[in-house]
Amino acid sequence: MSPLENSNVTTVTQLPSKDITYDLDVLITSLGYQGEPLEGFEDLNIRFERNHIKNVKGRVLSKQDQLLPGLYTSGWISNGGQGVIANTMQSSFQVADEILADLPNLPSKNKESTDVMKHIHGTNEITTWQDWEKINKIEIEKGTPYGKPRMKFLTVSSVLKQL
(Lines give C-alpha, C1' and ligand atoms only; values in the text may rest on other atoms or scores of the structure.)
Protein backbone atom coordinates (compact mmCIF):
# COMPACT_ATOMS: atom_id res chain seq x y z
CA MET A 1 0.00 0.00 0.00
CA SER A 2 1.31 3.46 -0.72
CA PRO A 3 -0.35 6.63 0.61
CA LEU A 4 -0.84 9.47 -1.83
CA GLU A 5 -1.62 12.84 -0.30
CA ASN A 6 -3.49 15.58 -2.13
CA SER A 7 -4.13 18.69 0.02
CA ASN A 8 -6.71 17.61 2.62
CA VAL A 9 -7.55 14.28 0.97
CA THR A 10 -5.57 11.11 1.63
CA THR A 11 -6.06 8.11 -0.66
CA VAL A 12 -4.43 4.73 -0.54
CA THR A 13 -3.74 2.68 -3.65
CA GLN A 14 -3.19 -1.06 -3.57
CA LEU A 15 0.06 -2.20 -5.16
CA PRO A 16 -0.12 -5.33 -7.33
CA SER A 17 0.09 -8.52 -5.29
CA LYS A 18 3.39 -10.40 -5.60
CA ASP A 19 4.76 -13.59 -4.15
CA ILE A 20 8.08 -13.11 -2.38
CA THR A 21 10.35 -16.10 -1.81
CA TYR A 22 12.95 -16.14 0.95
CA ASP A 23 15.73 -18.70 1.39
CA LEU A 24 15.16 -19.63 5.06
CA ASP A 25 15.85 -22.50 7.38
CA VAL A 26 13.31 -21.32 9.97
CA LEU A 27 10.58 -18.71 9.99
CA ILE A 28 8.98 -17.72 13.28
CA THR A 29 6.10 -15.31 13.04
CA SER A 30 4.82 -13.19 15.87
CA LEU A 31 1.68 -11.63 14.51
CA GLY A 32 -1.78 -11.17 15.90
CA TYR A 33 -3.61 -9.53 18.72
CA GLN A 34 -4.71 -12.52 20.77
CA GLY A 35 -2.91 -15.35 22.44
CA GLU A 36 -4.20 -18.75 23.35
CA PRO A 37 -2.74 -21.42 25.59
CA LEU A 38 -0.83 -24.21 23.91
CA GLU A 39 -1.66 -27.85 24.53
CA GLY A 40 -0.55 -28.82 28.04
CA PHE A 41 -0.66 -25.22 29.25
CA GLU A 42 -3.47 -26.04 31.69
CA ASP A 43 -1.20 -28.47 33.55
CA LEU A 44 1.23 -25.66 34.37
CA ASN A 45 -1.34 -23.95 36.63
CA ILE A 46 -0.81 -20.62 34.82
CA ARG A 47 -3.84 -18.36 34.59
CA PHE A 48 -4.77 -17.42 31.05
CA GLU A 49 -7.45 -14.75 30.83
CA ARG A 50 -8.85 -12.56 28.03
CA ASN A 51 -6.29 -13.90 25.55
CA HIS A 52 -3.25 -13.16 27.69
CA ILE A 53 -1.27 -14.52 30.62
CA LYS A 54 -2.64 -13.04 33.83
CA ASN A 55 0.13 -11.20 35.66
CA VAL A 56 1.05 -8.41 38.04
CA LYS A 57 3.87 -6.21 36.66
CA GLY A 58 4.97 -9.15 34.50
CA ARG A 59 4.91 -11.66 37.37
CA VAL A 60 2.81 -14.64 36.22
CA LEU A 61 -0.24 -15.62 38.30
CA SER A 62 -1.54 -19.11 38.98
CA LYS A 63 -5.15 -20.13 38.40
CA GLN A 64 -5.64 -19.27 42.11
CA ASP A 65 -4.28 -15.72 41.52
CA GLN A 66 -1.06 -16.46 43.42
CA LEU A 67 2.32 -15.30 42.12
CA LEU A 68 4.36 -18.10 40.54
CA PRO A 69 7.94 -17.30 41.64
CA GLY A 70 10.42 -17.07 38.80
CA LEU A 71 7.82 -16.91 36.00
CA TYR A 72 7.47 -13.67 34.05
CA THR A 73 5.76 -12.42 30.91
CA SER A 74 5.94 -9.27 28.80
CA GLY A 75 4.64 -7.84 25.57
CA TRP A 76 1.26 -8.53 24.04
CA ILE A 77 0.89 -11.97 25.65
CA SER A 78 1.00 -10.23 29.03
CA ASN A 79 -1.34 -7.30 28.37
CA GLY A 80 -3.09 -7.90 25.08
CA GLY A 81 -2.50 -6.03 21.84
CA GLN A 82 -1.64 -2.42 22.50
CA GLY A 83 0.83 0.11 21.24
CA VAL A 84 3.78 -0.34 18.91
CA ILE A 85 7.16 -2.00 19.21
CA ALA A 86 8.44 0.76 21.49
CA ASN A 87 5.62 -0.04 23.95
CA THR A 88 6.51 -3.73 23.87
CA MET A 89 10.18 -2.92 24.43
CA GLN A 90 9.34 -0.68 27.38
CA SER A 91 7.19 -3.45 28.85
CA SER A 92 10.13 -5.86 28.52
CA PHE A 93 12.50 -3.41 30.20
CA GLN A 94 10.07 -2.97 33.09
CA VAL A 95 9.70 -6.73 33.52
CA ALA A 96 13.50 -7.10 33.47
CA ASP A 97 13.65 -4.55 36.31
CA GLU A 98 11.10 -6.64 38.25
CA ILE A 99 13.18 -9.79 37.68
CA LEU A 100 16.30 -8.05 38.99
CA ALA A 101 14.36 -6.82 42.03
CA ASP A 102 13.08 -10.37 42.69
CA LEU A 103 16.41 -12.18 42.23
CA PRO A 104 17.54 -12.03 45.88
CA ASN A 105 14.24 -13.61 46.97
CA LEU A 106 13.83 -16.26 44.28
CA PRO A 107 14.39 -19.88 45.27
CA SER A 108 17.80 -21.21 44.35
CA LYS A 109 18.18 -23.79 41.64
CA ASN A 110 17.40 -27.27 42.87
CA LYS A 111 17.81 -30.79 41.55
CA GLU A 112 14.29 -30.80 40.10
CA SER A 113 15.01 -27.78 37.91
CA THR A 114 18.30 -29.37 36.83
CA ASP A 115 16.38 -32.47 35.81
CA VAL A 116 14.00 -30.28 33.77
CA MET A 117 16.99 -28.65 32.03
CA LYS A 118 18.40 -32.10 31.25
CA HIS A 119 15.06 -33.23 29.87
CA ILE A 120 14.67 -30.13 27.67
CA HIS A 121 18.26 -29.69 26.53
CA GLY A 122 19.72 -33.17 26.97
CA THR A 123 22.22 -31.81 29.48
CA ASN A 124 22.21 -30.15 32.86
CA GLU A 125 25.19 -28.00 31.91
CA ILE A 126 24.62 -24.36 32.70
CA THR A 127 26.64 -21.27 31.92
CA THR A 128 27.60 -18.39 34.16
CA TRP A 129 27.85 -14.71 33.31
CA GLN A 130 31.62 -15.13 33.01
CA ASP A 131 31.05 -18.03 30.60
CA TRP A 132 28.75 -15.83 28.51
CA GLU A 133 31.37 -13.06 28.41
CA LYS A 134 33.92 -15.56 27.10
CA ILE A 135 31.48 -16.91 24.50
CA ASN A 136 30.53 -13.37 23.47
CA LYS A 137 34.18 -12.43 22.95
CA ILE A 138 34.84 -15.52 20.81
CA GLU A 139 31.72 -14.91 18.68
CA ILE A 140 32.74 -11.29 18.06
CA GLU A 141 36.28 -12.37 17.13
CA LYS A 142 34.94 -15.05 14.75
CA GLY A 143 32.70 -12.50 12.98
CA THR A 144 35.32 -9.77 12.51
CA PRO A 145 37.08 -11.32 9.45
CA TYR A 146 33.70 -11.50 7.69
CA GLY A 147 32.66 -7.93 8.51
CA LYS A 148 29.93 -9.25 10.84
CA PRO A 149 29.29 -8.10 14.41
CA ARG A 150 29.59 -11.75 15.51
CA MET A 151 29.39 -15.33 14.30
CA LYS A 152 27.10 -17.36 16.54
CA PHE A 153 27.80 -20.91 17.64
CA LEU A 154 25.25 -23.24 16.11
CA THR A 155 25.00 -25.94 18.78
CA VAL A 156 25.10 -26.14 22.55
CA SER A 157 27.94 -28.65 22.35
CA SER A 158 30.06 -26.22 20.28
CA VAL A 159 29.51 -23.54 22.93
CA LEU A 160 30.38 -25.86 25.80
CA LYS A 161 33.63 -26.89 24.08
CA GLN A 162 34.79 -23.27 24.43
CA LEU A 163 34.39 -23.24 28.21
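Calculation criteria
- Residues numbered from 1 in each chain as written.
- Predicted model: local features only at pLDDT ≥ 70, side-chain atom pairs only at ≥ 80, totals over all residues.
- Heavy atoms only, no water.
- Helix = DSSP H or I, 4+ residues; strand = E, 2+ residues; numbered from the N terminus.
- Expected span 1.5 Å × (residues − 1).
- Buried < 20%, exposed > 50% of the residue type's maximum accessible area, 1.4 Å probe, protein only.
- Arc of directions from axis to C-beta.
- Pairing = 2+ DSSP bridges.
- Phe/Tyr/Trp six-rings, centres within 6.5 Å; stacked < 30°, edge-to-face > 60°.
- Lys NZ or Arg CZ within 6 Å of the ring centre and 35° of its normal.

The name recorded for the protein chain in an unreviewed UniProt entry is NADPH-adrenodoxin reductase, from Maudiozyma exigua.

(A) Looking closely at helix α4 (residues 129–143). For α4, with 15 residues, the first-to-last C-alpha span of 21 Å sits near the 21 Å given by 1.5 Å per residue. Among the residues of α4, Ile 135, Asn 136, Ile 138, Glu 139 and Gly 143 are the ones counted as buried. One side of α4 holds all its buried residues, which, seen down the axis, span an arc of 165°. Every exposed residue of α4 that faces more than 90 degrees away from the buried side is listed here: Gln 130 and Lys 137.

(B) Molecular detail of the sheet that holds strand β6 (residues 59–61). Across the sheet, which stays open at both edges, the 3 strands sit in the order β5-β6-β7 with antiparallel pairing between neighbours. Only two strands of the sheet have a single partner each, and these edge strands are β5 (55–56) and β7 (67–72). Note that β5 and β6 share 2 bridges and pair antiparallel. Each residue of the ladder has a partner; that of Asn 55, found in β6, is Val 60.

(C) Layout of the packing of aromatic side chains. Enumeration according to the criterion identifies 1 aromatic pair in this entry. Ring centres of Trp 129 and Trp 132 lie 4.9 Å apart, and the angle between their planes is 20°; on these two criteria the pair is classed as stacked. Residue Trp 129 and its partner Trp 132 are located together in helix α4, separated by 3 residues, close to a single helical turn. For Trp 132, a relative accessible area of 41% puts it in the partly exposed group. A cation sits over an aromatic face here: Lys 142 above Phe 153, 4.3 Å from the ring centre.

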